[in-house]
Amino acid sequence: MIRTVLRKGVRLFPMMVILLGLANILLTNHLASSGGELQQIDVAIDAVRQENEDLRLKIASASSLTAVAAQAESMGLTTPGKTQIVTLVPESLPVALGYPH
Amino acid sequence: MWRITTVFSLYVCLFSIIVIRLFYWQIISGDSLRLQASQQYSLDFLLPASRGDILASDGSPLAMNSTAHLVFAQPKEIESISDFSAKISPVLDLEKEEVLSDLSTPGRIWVPLSHKVDGSTYETLKGLNLKGLGFEKEPQRYYPESSMAAHLLGFVGSDQNGRDKGYFGLEGYYDRELRGKDGRLQAEKDVRGSPIVIGEAKRVEAENGRSLVLWVDRTIQRIAEEKLKEGMTKYGAKEGTVSIMDPKTGGILAMASFPSYDPLRYSAFDKVTYKNPIVASTYEPGSTFKVLVMGAALNEHAVTAETTMEESGPVRVGEYTVKTWNNEYRGTQTMTEVIRHSSNVGMVFVAQKLGKEKLISYIRNFGFGQLTGIDLEEEASPTLRDDRQWYSIDLATASFGQGIAVTPLQMLRAVGALANDGWLMEPRMVKEIKDTNGKSVVVKPKKIHQVVGSNAARVMTEMMVDAVDNGEAKWAKPKGYRIAGKTGTAQIPVAGHYDEKKTIASFVGFAPADNPRFVMLVTLQEPTSSPWGSETAAPLFFAVARELFLYMGIPPQ
């Protein structure tokens, strides 16, 4: 029984070597030629990164004080002439006191 | 026999020729062949690091990067150099003849035409679809707030190798942190130029520059710049500065100075405008210095707020005569009144009570004659004269702020000590440094030493509040607020004497007096509407203070 298995194994061994060798060649060939895809992915990453940077720039520009002031002016808002300070009395303080007489 | 010898000799000759040839290719030409081969099968390029941002205290960028392009030409691929030059010169604003000459130079395969070309010009050039015209991305600094805070930011120019380098301000001081470190990629490539995944590869990632988070509040900076511009126009001043600091941390909230420049187009401005006058220029502080001398005298118990002196007329010091600023003499004056009326005669009395050694010592302890240590590139400090060179007249004039040169930052910091229980702080621009991995280093406020005790600081504060409420500038003061301050009008020294007409008007103060949120110094050089600080710098100070009270939500006391 063991001898039969061993004999079959010995016969199959060269075929396995050939098959594994072929698989190795195919895999290596596939990996070797995937550099182009990798480069395309890198280019896509760069493009997205650049878009992020451009958007960040647009946000910074739109939220700058200069831009906000210009927008406010175009909407008809003006700087106040004189500031009035209004003090609001807190609820805990009485508004009117009862005066005993 | 001879046939065998002949054939053998032939073999030996052939063999020798092969050996010599192999020696030539492997040994003599080995290096150049290795280089050629390496260029054919390996990729080697720089991974540029991006420069860090400079952010205001609320995280909004004051300086950041935008993408610009280097425009270059490859003469061998150009069909008609003349047509090419004619089309691109007007777009790049270059002389056609110069471009023609550059492109026609024999042996040139790559010609740079223009650096840091903006987006719209790039699109225009791209639209021309010219063969031989190429583009390469390069970073360019962008300032969302335009030329605001130019002096404290500095600008980015080029070093001798053409690489970006920061100059002046924060860009100069923190150039190494902001610049980062370029990376490198070396990999094997195939015939199409794509990297071979299973080949040899060495990649060193770029370390992007660190970003700086400032103490500067962009709203306060804008308020300071707008009010300063208005003030300079109103009072006809040649130059002006407004500097604002948090006295408790030393954090600089705003630094405004004019004339200024645009950091994006710095080369179009005079180089004298690049230096920040608040840290690099000197002036004689005049009467604002009196609060420091009086504070020192109070601390030494040489005088109290109620100590009196007789202001009956000018006082003689050696061969010199010291008068009051308006030649008016009010008789018996308390120290509070000396400050209120800004009496030079009164201050000579105080200086004499304090004594020479102590006065000089306090001047040094308040930080004069040495750098403050602020993190800006161009800080300078005038040196104080040697102790042995202080004569009685020098002590007298120093007591009212003449004959001594200081920078506005030194003055601001010194008065800031009075607002901080007598503690002198190191002024700082940057409060945090962040890297791209999210790690940040917090720069903690630094106490230098206590110049005067808290009692003396409190008494001096009350005297300054009295000076604002009852002094020459009381008409401009915002109602309902306790502001501690002092006016100053210093004559400008010109060729060994003081100019009669030209002055530096200033006002220094802090508010609210009981819990100061800011200390501010305003200086106006040669105001033409009036030479006096009480009529120019003081109202400008109060105009800024009004805005700050609103913005910071400080109610009237």
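Conventions used here
- Residues numbered from 1 in each chain as written.
- Chains lettered and ligands numbered in written order.
- Predicted model: local features only at pLDDT ≥ 70, side-chain atom pairs only at ≥ 80, totals over all residues.
- Heavy atoms only, no water.
- pLDDT = per-residue confidence, 0-100.
- Helix = DSSP H or I, 4+ residues; strand = E, 2+ residues; numbered from the N terminus.
- Patch = residues over 30% accessible without salt bridge, like charges linked within 9 Å, V, L, I, M, F, W, Y side chains within 5 Å.
- Areas by Shrake-Rupley, 256 points an atom, 1.4 Å probe, with all protein chains shown as cover.
- Salt bridge = Lys/Arg side-chain N within 4 Å of Asp/Glu carboxyl O.
- Buried < 20%, exposed > 50% of the residue type's maximum accessible area, 1.4 Å probe, protein only.
- Pairing = 2+ DSSP bridges.
- Axes fitted to C-alpha atoms, helices over the stretch in contact; angles between N-to-C directions.
- Contact = heavy atoms within 4.5 Å.
- Parallel < 35°, antiparallel > 145°, perpendicular 65-115°, else oblique.
- Left-handed = near helix turned anticlockwise from the far one by under 90°.
- Nonpolar A, V, L, I, M, F, W, Y, C, P; charged D, E, K, R; others polar.

J.: Just checking my understanding: could you explain the confidence of the model for chain A for this structure?
T.: As a note on interpretation, predicted positions should not be read in detail where pLDDT is low. Residues with a pLDDT of 70 or more make up 78% of chain A, whose mean pLDDT is 81. Helix α1 (residues 2-32) of chain A is the least confidently modelled element of chain A, averaging 85 in pLDDT, while helix α3 (residues 65-74) of chain A averages 91, the highest of any element.

J.: Looking at this structure, I do not really get a nonpolar patch on the surface. What am I missing?
T.: Residues and elements named next belong to chain B. Residues Phe 23, Tyr 24, Trp 25, Ile 27, Ile 28 and Leu 33 make up a contiguous nonpolar surface patch of roughly 590 Å² in combined accessible area. With five residues, the single largest contributor to the nonpolar patch is helix α1 (residues 2-28). Position of Leu 33 among the secondary structure elements: in helix α2 (residues 30-41).

J.: I tried to follow the environment of Cys 13 of chain B on my own but got confused; where do I start?
T.: All names here are of chain B. Looking at the element boundaries, Cys 13 is found in helix α1. Of the residues examined, Cys 13 reaches a relative accessible area of 47% and is grouped as partly exposed. Linking Cys 13 and Gly 157, residues 144 residues apart in sequence, is a C-alpha distance of 65 Å.

J.: Even after reading the chapter, I still don't get the pairing of strand β21 (residues 484-494) of chain B, so can you show me in this structure?
T.: One face of the sheet, then the other: side chains in a regular strand alternate in exactly this way. For β21 of chain B and strand β22 (residues 497-511) of chain B, the ladder comprises 10 bridges, and the chain directions are antiparallel. Its bridge partner being in β22 of chain B, Gly 485 of chain B is matched across the sheet by Gly 509 of chain B.

J.: Mind showing me how you'd approach the sheet that holds strand β23 (residues 518-525) of chain B here?
T.: All names here are of chain B. Spatially, β12-β11-β23-β22-β21 is the arrangement adopted by the five strands of the open sheet, whose pairing is antiparallel. Both outer strands of the open sheet, β12 (252-258) and β21, are each paired with one neighbouring strand and no more. Averaged over all neighbouring strand pairs, the angle between strand axes comes to 10°, with direction disregarded. By the bridge criterion, seven bridges tie strand β11 (residues 239-245) to β23 in an arrangement that is antiparallel. Looking across to β23, one finds that Ser 243 is bridged to Leu 521. Lying on the sheet, helix α9 (residues 218-235) is in contact with β11, β12 and β23; it crosses β12 at an angle near 30°. Contacts between helix α18 (residues 537-552) and the sheet are confined to β11, β12, β21, β22 and β23, with β23 contributing the most and set at about 145° to the helix.

J.: Please explain the packing of helix α3 (residues 81-92) of chain B against helix α4 (residues 96-104) of chain B as it appears in this structure.
T.: Helix-helix packing is described using two parameters, namely the angle between the two axes and the distance between the axes. Residue and element names in this part refer to chain B. Two numbers describe how α3 lies on α4: the axes approach to 9 Å, and their chain directions differ by 135°. By the angle between their directions, the pair α3 and α4 is classed as oblique. Judged by the twist between their axes, the crossing of α3 over α4 is right-handed. Of the residues in α4, those touching α3 at Ile 81, Ser 82, Phe 84, Ser 85, Ala 86, Ile 88 and Ser 89 are Lys 96, Val 99, Leu 100, Leu 103 and Ser 104. The residue makeup of the contact of α3 with α4, split by class, is seven nonpolar, four polar and one charged.

J.: Hey, could you run me through the pattern of salt bridges in this one?
T.: Residue and element names in this part refer to chain B. One pass over the full model with this rule turns up 28 salt bridges over all chains. A salt bridge links Asp 31 to Arg 34; the shortest N-O distance between them is 2.8 Å. Here the residue Asp 31 and the residue Arg 34 both occupy positions in helix α2, the gap between them amounting to three residues, near one helical turn. Given a relative accessible area of 57%, Asp 31 falls into the exposed group. Arg 34 gets classed as exposed once you look at its relative accessible area, which sits at 52%.

J.: Got a minute to help me understand the confidence of the model for chain B in this structure?
T.: Residues of chain B with pLDDT of at least 70 account for 98%, and the chain-wide mean is 91. Complex prediction metrics read pTM 0.84 and ipTM 0.75.

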